[in-house]
Amino acid sequence: MADARLADPLDEEFEAEEHAPRLRLSRRGAAVLGALTAVVVGVLSWLVFFSSVLEVRAVSVQGMRDDRLTADEVRSAIGGTGSGPLARVDLDEARRRVEAIPRVAGAEIWRGWPNTLRVKVTQRTAVAAVRGEDGQFTQVDAGGVSFATEPAAPAGVPVVELKLSQQALDVEQVIGRAQLVQGAVAVAAGLPAEVRERAGAVLVHSYDDVQLQLAGGVTVRWGSPEQTDRKSRVLVALLNQKGTNFDVSAPEAPAVSG
């Protein structure tokens, strides 16, 4: 009696696949498909990079704190760099143009599809206003960058004035006025907010003789611009005591009088 063998379902499946018709593109079909793809890519590229469909129609500016820096001034600085198809705008060049504005400390620029160039600016903040010999006040930020000169100092910003002693004048060739101003600005920048708001002036008599004039007739002998952080902490603690004269020139041995 012959052995009866059951057919393996897997064998039947493989056999069916071998005889199933396969879809193959002819050379002509492949060529047509390739041509269509190229046309689509070309049209999309033209729309994005060359047509007016996705061109810049608005420059959105944010980040200004006051009217000393306006959105129109930022747009004017960008100029023609911010025109034409949005995809072709040179963002780095636009950013450089915005950051060339004296009042701008930094800028971020990106594409806002479909038609907006977006700009976010960070304005410089004055920590001191340096009084010049002409009576004008030059605003300086915490990094020592001078960015604006106006007839009056901004409210709440200490004024740096050079009231040089004879000793300072004698060594001016060694420690020049620019270095003295730089040191005074560093002192102003390092003041805690609660002290800076009260500071009316930073008077420079010499490199080692800087004084603060605070509201209420309070005078602070600061000494040199060195150890600003430590002197600031000591001064905050001392201001809780009664007095009109505070000395933190030697922060390890401060004094209060008056």
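Overview of the structure. Note that the structure is a prediction, hence the values are computed from the model and not measured.

## Some points on the overall build of the chain
Then step 1. Scanning the chain from N- to C-terminus turns up eight helices and 12 strands.
Then step 2. Here the analysis covers contacts within the chain between residues at least 6 apart in sequence; of these, 46% occur between residues at least 24 apart.
Then step 3. For the chain, the exposed surface amounts to about 15,800 Å²; the carbon and sulfur share of it is 52%.

## Points about the pairing of strand E9 (residues 209-214)
Then step 1. Where burial is concerned, the two faces of E9 differ: the one with Val210, Leu212 and Leu214 is buried and the one with Asp209, Gln211 and Gln213 is not.
Then step 2. In this sheet, E9 lies alongside strand E8 (residues 199-206) in antiparallel orientation, the contact comprising six bridges. Paired with Val202 across the strands is Leu212, a residue of E9.
Then step 3. Taken together, E8 and the strand that follows it, E9, pair antiparallel across an intervening segment of two residues.
Then step 4. Pairing of E9 with strand E10 (residues 218-223), which is carried by five bridges, proceeds in the antiparallel orientation. Its bridge partner being in E10, Val210 is matched across the sheet by Gly223.
Then step 5. Two successive antiparallel strands, E9 and E10, enclose a turn made up of three residues, where Gly216 displays a positive phi of approximately 85 degrees.

## Side note on unusual backbone geometry
Then step 1. Geometrically, the link from Trp113 to Pro114 is a cis peptide bond, its omega value of 10 degrees lying close to zero.
Then step 2. Within the secondary structure layout, Pro114 lies in the loop between strand E2 (104-112) and strand E3 (116-123).
Then step 3. Its identity is not glycine, yet Gln227 carries a phi of approximately 55 degrees, on the positive side.
Then step 4. As for its placement among the helices and strands, Gln227 is situated in the loop between E10 and helix H8 (228-238).
Then step 5. The exposure class assigned to Gln227 is partly exposed, which follows from its relative accessible area of 42%.

## Observations concerning the sheet that holds E10
Then step 1. In spatial order, the strands read E6-E5-E4-E7-E8-E9-E10-E11-E12; together these nine strands make up an open sheet with mixed pairing. Edge positions in the sheet fall to strand E6 (146-150) and strand E12 (255-257), since each has one partner strand and no second. Between one strand axis and the next, the sheet turns through 25 degrees on average, direction left out of account.
Then step 2. Sheet contacts for H8: E9, E10, strand E11 (245-247) and E12; angle to E10, the most-contacted strand, approximately 155 degrees.

## Quick word on the pairing of E8
Then step 1. Most of E8 sits inside the fold, with seven of its eight residues counted as buried.
Then step 2. Inspection of the sheet shows strand E7 (residues 159-162) paired to E8 by four bridges, in the parallel sense. In the strand pairing of E8, Glu161 is matched with Leu203.

## A look at the pattern of salt bridges
Then step 1. One pass over the full model with this rule turns up 13 salt bridges.
Then step 2. For Glu150, the salt bridge identified is with Arg103, shortest N-O distance 2.8 Å. Here Glu150, found in strand E6, pairs with Arg103, found in the loop between helix H4 (91-99) and E2; they are 47 residues apart in sequence, far enough to count as distant.
Then step 3. Using a relative accessible area of 13% as the deciding quantity, one classes Arg103 as buried.
Then step 4. In this structure, Lys163 and Glu161 form a salt bridge, with 3.8 Å as the shortest nitrogen-oxygen distance.

## Observations regarding the nonpolar core
Then step 1. Of all hydrophobic cores here, the largest spans 29 residues; its most connected members are Leu212, Val220, Trp222 and Leu235.
Then step 2. Breaking this core down by element, the ones donating at least two residues are strand E4 (126-131), helix H6 (177-190), E8, E9, E10 and H8.
Then step 3. Of all the elements, H6 adds the most residues to this core, at six residues.
Then step 4. For Val220, the contacting residues outside a window of four places in its chain are Val210, Gln211, Leu212, Leu214, Leu235, Phe246 and Val248.
Then step 5. Counting 19 residues, the second largest nonpolar core, distinct from the first, contains Val56, Leu69, Ala71 and Ala107.

## Notes on the side chain of Arg103
Then step 1. A distance of 2.8 Å separates polar atoms of two side chains, one belonging to Arg103 and the other to Glu150.
Then step 2. In this structure, Arg103 is in contact with Arg68, Leu69, Thr122, Gln123, Arg124, Gln139, Phe147, Ala148 and Glu150, ignoring residues within four places of it in sequence.

Calculation notes
Every chain's residues receive numbers from 1 upward, in the order its sequence appears when written. Predicted model: local features are reported for residues with pLDDT of at least 70 only, side-chain atom pairs are reported and counted for 80 or more only, and whole-chain, interface and lining totals are derived from all residues. Processing note: side-chain calculations cover all non-hydrogen atoms of the structure and skip hydrogens and water entirely. Only runs of H or I of at least four residues qualify as helices and only runs of E of at least two qualify as strands under DSSP, and these elements are numbered from the N terminus. Only heavy atoms enter the contact rule, under which two residues are in contact if any of them lie within 4.5 Å. All accessible-area figures derive from a Shrake-Rupley calculation using a 1.4 Å probe, and residue coverage is judged against the displayed protein chains alone. Per-residue accessibility, obtained with a 1.4 Å probe over protein chains only, is compared with the maximum for each type, and a residue is labelled buried under 20%, exposed over 50%, and partly exposed between these values. Strand pairing follows a simple DSSP-based rule, namely that at least 2 bridges must link the two strands. Only the stretch in contact is used when a helix axis is fitted, and all axes are lines through C-alpha atoms; the angle between N-to-C directions ranges over 0 to 180 degrees. Salt bridge, as used here: a side-chain nitrogen of Lys or Arg that lies within 4 Å of a carboxyl oxygen of Asp or Glu. Nine residue types can take part in a nonpolar core, namely buried Ala, Val, Leu, Ile, Met, Phe, Trp, Tyr and Cys, and a core is a set of them joined through side-chain atoms within 4.5 Å. The definition of a polar contact used here is a pair of N or O atoms within 3.5 Å, where within protein one atom must be able to donate a hydrogen and the other to accept one, and adjacent residues in sequence count solely through side-chain atom pairs.

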